[in-house]
Amino acid sequence: MRKKNVVLENVPVTAYAAEGKALARVDGKVVFIEGGVVPGDVVDVKLSKSKKDWAEGKAIRIHTQSPDRVTPFCDHFGLCGGCKWQMLPYEKQLAYKQQQVEDHLRRIGHLELPSMPPILGAKETRRYRNKLEFTFSNKAYLTDEEIRAAGEDWPRRNALGFHIPKLFDKVLDIQTCHLQEEPANLIKNTIRSWAEARGLSFFDIRQQTGWLRNLVLRICTTGEVMVNLVIHHEDKGEREALLNHLLEKVPAITTLLYTINPKKNDSIFDLEPRVFYGKGYVEEKLEDFIFKIGPKSFFQTNTYQGEALYRITREFAGLTGTETVYDLYCGTGSIGIFVSRQAAKVVGIELISEAIDDARENAAANGVNNATFFAGDVINICDDAFFATHGAPDVIITDPPRAGMHEKLTAKLLEVAAPRIVYVSCNPATQARDLALLNEKYTVEKVQAVDMFPHTHHIENVALLQRRY
Ligand code: SAH
């Protein structure tokens, strides 16, 4: 069973592993299975990797469907990379996520754990994202049936939708996406119809030709709607005609921007969006804090669950009003601002200087005057002199990206030895690794997972660490 390209037949899928892969055991070997299978299915697996203790492959046939399966609600399910867990009832999704947090903390972290309350599920499991980005492409992804059905005539080529996972130039045309509130679909479909009717060109990322590139939508719980249309080059006549048409058809839009991107890649971080209509930003609310979100700002994508996550973080921090709180990887300062009324002082640190500008502006707009923010790498900023200047931390809140914390930072945190650390994580595997390092001085007091992304395998997890005296 060391060979690749072997097909294992009639494999009963038993569990989920990390990253949404399913898991089975065959002859004592762990097999990770891709291809949308769920525990309870019996499948044939074509292996792509086979090592001594484990193998990896893709399900090529489902013999028996798990009794847990439900019918996916989206027409694009199966091709779209978006909501891959729709075939599982929501309660099952939550149970698997909870299980994964526990497995990671036990197996990677080898940690002694407190009893864990169940993961906090979302009330709204659809239309929960405040931000979506669609891509224009002249290389629509077509299924074999679509190509066959078209016969000699090559079928429609243009698409406005999402990239197909692992295919860099192919885009799946999306009619109705259930990830965001209306008028998201109305905006997208209005632009597509107009573009097709006027014969506007959709971008070709390989050839670097075409005009329409990306469409970024933000729909806030405050009712504000921001649209940023990214085009390859200026064409004033067509641009104004399109944007005016959009405003007329979708009066709910509160601000409309466009960005000219002549670069090879799609990122807009180094480009300047221009305001066509409205104030050029939107505002989102968490409790009674208001956050200004521009076309390039970062903000938690699920507002409701983001608020729940911050409440748990604040509760874990156990603030009484006298504490010096550090907010590491603070982004636009939202956690620090959220806890500021219960703290004496907040110190936020973040790599991206534009995010720090937003953090300062957000603090000022919310009347928060006990928070200061610093731009730079946490590893460079968090030295002895910095802690000496800004005060010994009573609580450190840390919210690193998926890779987790740098070893140098965990070493520093052990040295600084704040009484409490609240670790917010979007990847329980790296969190478990870091908690194991911090275990030298800290016990895990509380753990609470939060589901920010229903119908996906992504997990957010908050842990409270208490220093051992
Ligand atoms: N706490 C914020 C953002 C968390 S996302 C919120 O809740 O909105 C993680 C953040 O870490 C990102 O903003 C990213 O830019 C920042 N980051 C990544 N590596 C970093 C580093 N080495 N030093 C400082 N910040 C970093």
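These numbers were taken from a predicted model, which means no experiment stands behind them.

### Here we look at the overall build of the chain
Working step 1: Along its length, the chain carries 11 helices and 22 strands.
Working step 2: Over its C-alpha atoms the chain spans a radius of gyration of 24 Å, differing by no more than 12% from the 23 Å that the globule rule assigns to 469 residues.
Working step 3: In terms of overall dimensions, the chain has C-alpha extents of about 75 × 60 × 35 Å along its principal axes.
Working step 4: Sequence separation of at least 24 residues holds for 65% of the intrachain contacts in the chain that already meet a minimum separation of 6.
Working step 5: Between the centroid of the 59 positive side chains of the chain and the centroid of its 61 negative side chains there is a distance of 4 Å.

### Some thoughts on the site of the ligand
Working step 1: Taken together, 16 residues lie near the ligand, and Gln300, Tyr310, Glu350, Val378 and Asp399 sit nearest.
Working step 2: The separation between an oxygen atom of the ligand and a polar side-chain atom of serine 334 is 3.4 Å.
Working step 3: Taking 580 Å² as the accessible area of the ligand by itself, protein coverage stands at 84%.
Working step 4: The class makeup of the residues in the shell around the ligand is nine nonpolar, four polar and three charged.

### Some remarks on the UniProt feature "binding site: S-adenosyl-L-methionine" (unreviewed entry) in the chain
Working step 1: Under the present numbering, the feature "binding site: S-adenosyl-L-methionine" (unreviewed entry) in UniProt falls on Gln300, Tyr329, Glu350 and Asp399.
Working step 2: Position of glutamine 300 relative to the elements: it lies in the loop between strand E15 (289–293) and helix H5 (303–317).
Working step 3: When near neighbours in sequence (up to four residues on either side) are disregarded, glutamine 300 contacts Asn130, Gly306, Leu309, Tyr310, Asp399 and Met452.
Working step 4: Along the chain, aspartate 399 turns up in the loop between strand E19 (395–398) and helix H10 (407–416).
Working step 5: Leaving out residues up to four positions away in the same chain, aspartate 399 has contacts with Gln300, Leu328, Tyr329, Ile335, Val424 and Glu460.

### A look at the sheet that holds strand E4 (residues 29–34)
Working step 1: Taking strand neighbours across the sheet as the criterion, the six strands line up as E1-E5-E6-E4-E3-E2 in an open arrangement whose pairing is mixed. Each of the sheet's edge strands pairs with one partner strand only, and the pair in question is strand E1 (7–12) and strand E2 (15–16).
Working step 2: The pairing of E4 with strand E6 (residues 54–64) spans five bridges and is parallel. When the sheet's bridge partners are listed, isoleucine 33 is paired in E6 with glycine 57.

### A word on the pattern of salt bridges
Working step 1: As enumerated under the stated definition, the model contains 30 salt bridges in all.
Working step 2: Notably, a salt bridge pairs arginine 402 with glutamate 19, separated by 2.9 Å at the nearest N-O pair. A residue pair is termed long-range when its members are at least 10 positions apart, and arginine 402 in the loop between E19 and H10 and glutamate 19 in the loop between E2 and strand E3 (22–26) qualify at 383 residues.
Working step 3: The partly exposed category is assigned to arginine 402, whose relative accessible area is 33%.
Working step 4: Classification of glutamate 19 as partly exposed rests on a relative accessible area of 43%.
Working step 5: Here lysine 236 and glutamate 240 are joined by a salt bridge, their closest N and O atoms 3.5 Å apart.

### Overview of the packing of helix H1 (residues 90–108) against helix H11 (residues 428–438)
Working step 1: Between H1 and H11, the least distance of the axes is 8 Å, while the angle of their chain directions is 35 degrees. Classified by chirality, the crossing of H11 by H1 is right-handed. Here H1 contributes Val101, His104, Leu105 and Ile108 to the contact with H11, which in turn contributes Pro428, Ala429, Ala432, Arg433, Leu435 and Ala436.
Working step 2: Residue composition of the contact of H1 with H11, grouped by class: eight nonpolar, one polar and one charged.

### Points about the domain arrangement of the chain
Working step 1: Segmentation of the chain into domains returns domain 1 (7–68), domain 2 (94–124 + 302–467) and domain 3 (131–286).
Working step 2: Taking only C-alpha atoms into account, the centre of domain 1 sits 37 Å from that of domain 3.

### Observations regarding the state of the cysteines
Working step 1: All told, the structure shown has zero disulfides when counted by the stated rule.
Working step 2: Free of any disulfide, cysteine 382 has its nearest neighbouring cysteine sulfur in cysteine 330, separated by 11 Å.
Working step 3: Overall, the relative accessible area of 3% leaves cysteine 382 in the buried class.
Working step 4: Here cysteine 426 is not disulfide-linked; the sulfur of cysteine 330 is the nearest cysteine sulfur, at 15 Å.

### A word on the side chain of lysine 263
Working step 1: Along the chain, lysine 263 turns up in the loop between strand E12 (255–260) and strand E13 (274–277).
Working step 2: Within the structure, the side chain of lysine 263 is placed 3.2 Å from the side chain of asparagine 265, a separation counted as a polar contact.
Working step 3: When sequence neighbours within four positions are dropped, the list of residues in contact with lysine 263 reads Gln208, Arg213, Asp270 and Leu271.

### Remarks on the packing of aromatic side chains
Working step 1: In the structure shown here, the tally under the stated rule is 12 aromatic pairs.
Working step 2: A centroid spacing of 6.3 Å and a plane angle of 80 degrees characterise the contact between phenylalanine 386 and phenylalanine 387, whose relative ring orientation is edge-to-face. Each member of the pair, phenylalanine 386 together with phenylalanine 387, is buried.
Working step 3: Through a chain of ring-to-ring contacts, the aromatic side chains of Tyr326, Phe374, Phe386 and Phe387 assemble into a single cluster.

### Some thoughts on the nonpolar core
Working step 1: Ranked by size, the top nonpolar core spans 76 residues in total, and within it Ile187, Leu212, Leu215, Val227, Leu229 and Ile253 carry the most contacts.
Working step 2: Each of domain 2 (94–124 + 302–467) and domain 3 (131–286) contributes no fewer than three residues to this core.
Working step 3: Sequence-distant contacts of leucine 212, defined by excluding residues within four places in its chain, comprise Phe136, Ala195, Leu200, Ser201, Phe202, Phe203, Leu229, Val230, Ile231 and Leu242.
Working step 4: Within the second largest apolar cluster, 38 residues are counted, among which are Val101, Ala418, Ala432 and Tyr442.

### Here we look at the sheet that holds strand E8 (residues 159–163)
Working step 1: Across the sheet, which stays open at both edges, the seven strands sit in the order E9-E8-E7-E10-E11-E12-E13 with mixed pairing between neighbours. Single-partner strands in this sheet number two, and they are strand E9 (171–173) and E13. Within the sheet, the average angular offset between the axes of one strand and its neighbour, ignoring direction, is 35 degrees.
Working step 2: Sheet contacts for helix H3 (residues 184–198): strand E7 (131–137), E8, E9, strand E10 (212–219) and strand E11 (225–231); angle to E10, the most-contacted strand, approximately 160 degrees.
Working step 3: Across the sheet, helix H4 (residues 236–249) is in contact with E10, E11, E12 and E13; its angle to E13 comes to roughly 50 degrees.

What counts, and at which threshold
Residues numbered from 1 in each chain as written. Predicted model: local features only at pLDDT ≥ 70, side-chain atom pairs only at ≥ 80, totals over all residues. Heavy atoms only, no water. Helix = DSSP H or I, 4+ residues; strand = E, 2+ residues; numbered from the N terminus. Rg over C-alpha atoms; globule rule 2.2 N^0.38 Å. Contact = heavy atoms within 4.5 Å. Lys, Arg positive; Asp, Glu negative; His and termini not counted. Charge placed at Lys NZ, Arg CZ, Asp CG, Glu CD. Near = heavy atom within 4 Å. Polar contact = N/O pair within 3.5 Å; in protein donor to acceptor, adjacent residues only side chain to side chain. Areas by Shrake-Rupley, 256 points an atom, 1.4 Å probe, with all protein chains shown as cover. Nonpolar A, V, L, I, M, F, W, Y, C, P; charged D, E, K, R; others polar. UniProt positions renumbered as here; feature names shortened; annotations may be inferred. Pairing = 2+ DSSP bridges. Salt bridge = Lys/Arg side-chain N within 4 Å of Asp/Glu carboxyl O. Buried < 20%, exposed > 50% of the residue type's maximum accessible area, 1.4 Å probe, protein only. Axes fitted to C-alpha atoms, helices over the stretch in contact; angles between N-to-C directions. Left-handed = near helix turned anticlockwise from the far one by under 90°. Domains from an automatic or database assignment. Disulfide = S-S within 2.5 Å. Phe/Tyr/Trp six-rings, centres within 6.5 Å; stacked < 30°, edge-to-face > 60°. Core = buried A, V, L, I, M, F, W, Y, C linked by side-chain atoms within 4.5 Å.

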